[in-house]
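Examining the three-dimensional arrangement
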Amino acid sequence: MKNTGIVDATENIYFAPLLPWQEALWSQLTTRVQSQQPLPHALLAAGMQGMGKRAFVWRLIAWLLCRERATHPAGACAKCESCQWLRSGTHPSLQVLPIVRMPSSTESTDNTEKSNSKTKDKKASQSNSALKIKIDDIRALQPFIYQGGQGIRICVLDQAEQMTIAAANALLKTLEEPQSQVHLFLISDTPAQLLPTIKSRVQQLPLQTIDTTVAVDYVTHALGHTINREAVSTAAIEQLIQLANGAPLAAIAMAQAPWYSKRSLWLTTWQALRSGKRSSVAASDYWQNQLSIVEFMQLSEMMLLDIRRVRLGLQELQKDVNLSNVLESYQPTDSGLEAFASSLQQTKIALQQNVQEKFAYDKLMQELAYL
Ligand SMILES: [Zn+2]
């Protein structure tokens, strides 16, 4: 039974519908290939999470490898030998780094996973160190890249910013000697961490501009016109997209996160703590039944972001909570904001060191009372 889940995940990645804001780029690239103009040797899909860059890359790779692509311009056929190989994760013409990672949606599961137990933390740190792309990994790719033969061969470097300097330098040589029929795809959520020498030798896919109307339509539809089973307005969807920095998939994840509907409640608690109407212990007990501490911290970060904006004289992004009214009667000082932000950081570290969630919650509520 477990296997079916993995197969489904893989299938989604290669054969999922095209995201609407990627249609123009898809048609541009596929038309180019169909008219016998090869794609640039090395392509970079960069930008923040939630724009759908991985979805685009895996879909494009499936199509490039598909035997039936001439008659399937809209996406890989999902049936030919190549598509079957992708399904089973054994495609001989595809190499993916870092090696340990399945090309699946691990990034989303990583974020939602509440790792309290020691084993889970250990697992998390192991996968973090395994994420590094080392020089030996790049060297191991060389025979594949230089083997010649017919047919397209594709290398993917996911989390390309995780390359060590030595690995990046080894890759540089490969980038300087393009091999016909070999394509390199680099994917990075934090392209600023890539070496400039690498960036200058790869062509960036223009995946970051998303038309607002297209994004609003997509998010509205994906959420079934509701957030937490309540009907939503276009303004609510626009706000969501803005809070997610324009990334539609991130906006959807945010709307579905349990903390999103508790933003007003956070303000109420903050006011009650500050005025002394509620003790931090009582608030902590209450919130422990509402959200995990990780979720409460995400919520607090969002609220902090808007409080800072108002302090700077900007409009708040969240129009659906009573933030401006609350801040009219009281505004935290800059040092208060700093102190609370740093206690959020400290809580993150404490949780990594397996501090109990209850203690961390209690402490955070004490700090919130001083904001
Ligand atoms: Zn196919």
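Residues numbered from 1 in each chain as written. Predicted model: local features only at pLDDT ≥ 70, side-chain atom pairs only at ≥ 80, totals over all residues. Heavy atoms only, no water.

1. Comments concerning the packing of helix H13 (residues 263–275) against helix H18 (residues 357–369)
Contact geometry of H13 with H18 gives a least axis separation of 8 Å together with a crossing angle of 70°. As far as their axial angle goes, H18 and H13 are roughly perpendicular. Of the residues in H18, those in contact with Trp266, Trp270, Leu273 and Arg274 of H13 are Met365, Leu368 and Ala369. Broken down by class, the residue content of the contact of H13 with H18 amounts to six nonpolar, no polar and one charged. (Axes fitted to C-alpha atoms, helices over the stretch in contact; angles between N-to-C directions. Helix = DSSP H or I, 4+ residues; strand = E, 2+ residues; numbered from the N terminus. Parallel < 35°, antiparallel > 145°, perpendicular 65-115°, else oblique. Contact = heavy atoms within 4.5 Å. Nonpolar A, V, L, I, M, F, W, Y, C, P; charged D, E, K, R; others polar.)

2. Let's talk about the nonpolar core
Among the nonpolar cores identified, the biggest contains 55 residues, and Leu240, Trp266, Trp270, Phe296 and Leu368 are the most heavily contacted of them. Examining the composition of this core, we find that nine residues originate from one element, helix H15 (residues 293–311), more than from any other. Excluding residues within four positions of it along the chain, Trp266 makes contact with Trp287, Phe296, Leu299, Ser300, Met303, Ile307, Phe340, Leu368 and Leu371. Core analysis: the second largest hydrophobic core is formed by 33 residues, Ile13, Leu18, Leu65 and Phe185 among them. (Core = buried A, V, L, I, M, F, W, Y, C linked by side-chain atoms within 4.5 Å. Buried < 20%, exposed > 50% of the residue type's maximum accessible area, 1.4 Å probe, protein only.)

3. With respect to the coordination of the zinc ion
Distances from the zinc ion to its protein donors, namely Cys66 (SG), Cys77 (SG), Cys80 (SG) and Cys83 (SG), fall within the range 2.3 to 2.4 Å. Taken together, the four donor atoms coordinating the zinc ion and their angles of 103 to 116° define a geometry best described as tetrahedral. The sequence motif formed by the donor residues of the zinc ion is C-x10-C-x2-C-x2-C. Taken together, the positions of Cys66 in the loop between helix H3 (53–65) and helix H4 (81–88) and Cys80 in the loop between H3 and H4 put the pair 14 residues apart, joining distant regions of the chain. Side by side, Cys66 and Cys80 carry an identical accessibility label, which is buried. (Donors = N, O, S within 2.8 Å, 3.2 Å for Na, K, Ca; no water. Tetrahedral: all angles 85-135°; square planar, octahedral: opposite > 155°, others 65-115°.)

4. Digging into the packing of aromatic side chains
According to the stated counting rule, one finds eleven aromatic pairs in the structure shown. Ring geometry for Trp21 and Tyr218: centres 4.9 Å apart, planes at 90°, overall edge-to-face. Pair noted here: Trp21 is in the loop between helix H1 (2–15) and helix H2 (23–34) and Tyr218 is in helix H10 (residues 212–222), with a separation of 197 residues, a long-range link. For Tyr218, a relative accessible area of 25% puts it in the partly exposed group. (Phe/Tyr/Trp six-rings, centres within 6.5 Å; stacked < 30°, edge-to-face > 60°.)

5. So, the pairing of strand E4 (residues 182–188)
Note on strand geometry: in a regular strand, side chains alternate between the two faces of the sheet. Among the seven residues that make up E4, seven are buried, leaving the element largely enclosed by the rest of the structure. For strand E1 (residues 42–46) and E4, the ladder comprises five bridges, and the chain directions are parallel. Residue pairing in the sheet places Leu43 in a bridge with Phe185 of E4. The pairing of strand E3 (residues 153–157) with E4 spans five bridges and is classified as parallel. Bridging across to E4, Cys155 finds its partner in Leu184. Regarding topology, helix H8 (residues 165–176) serves as the crossover connection from E3 to the parallel E4, and that connection is right-handed. (Pairing = 2+ DSSP bridges. Right-handed = clockwise from strand over helix to strand, strands pointing away.)

6. Comments concerning unusual backbone geometry
Across the junction of Leu97 and Pro98, the peptide omega takes the value -10°, indicating a cis bond. Inspection of the secondary structure puts Pro98 in the loop between strand E2 (94–97) and helix H5 (106–112). Positive phi, close to 55°, is recorded for Asn228, a residue that is not glycine. Using a relative accessible area of 41% as the deciding quantity, one classes Asn228 as partly exposed.

7. Notes on the confidence of the model for the protein chain
Here the protein chain averages 88 in pLDDT, while 89% of its residues score no lower than 70. When pLDDT is averaged over each helix and strand of the protein chain, the minimum, 39, is found for H5 and the maximum, 97, for helix H14 (residues 280–288). Between residues 101–129, whose pLDDT stays under 50, and residues either more than four places distant or in other chains, the model counts 32 contacts. (pLDDT = per-residue confidence, 0-100.)

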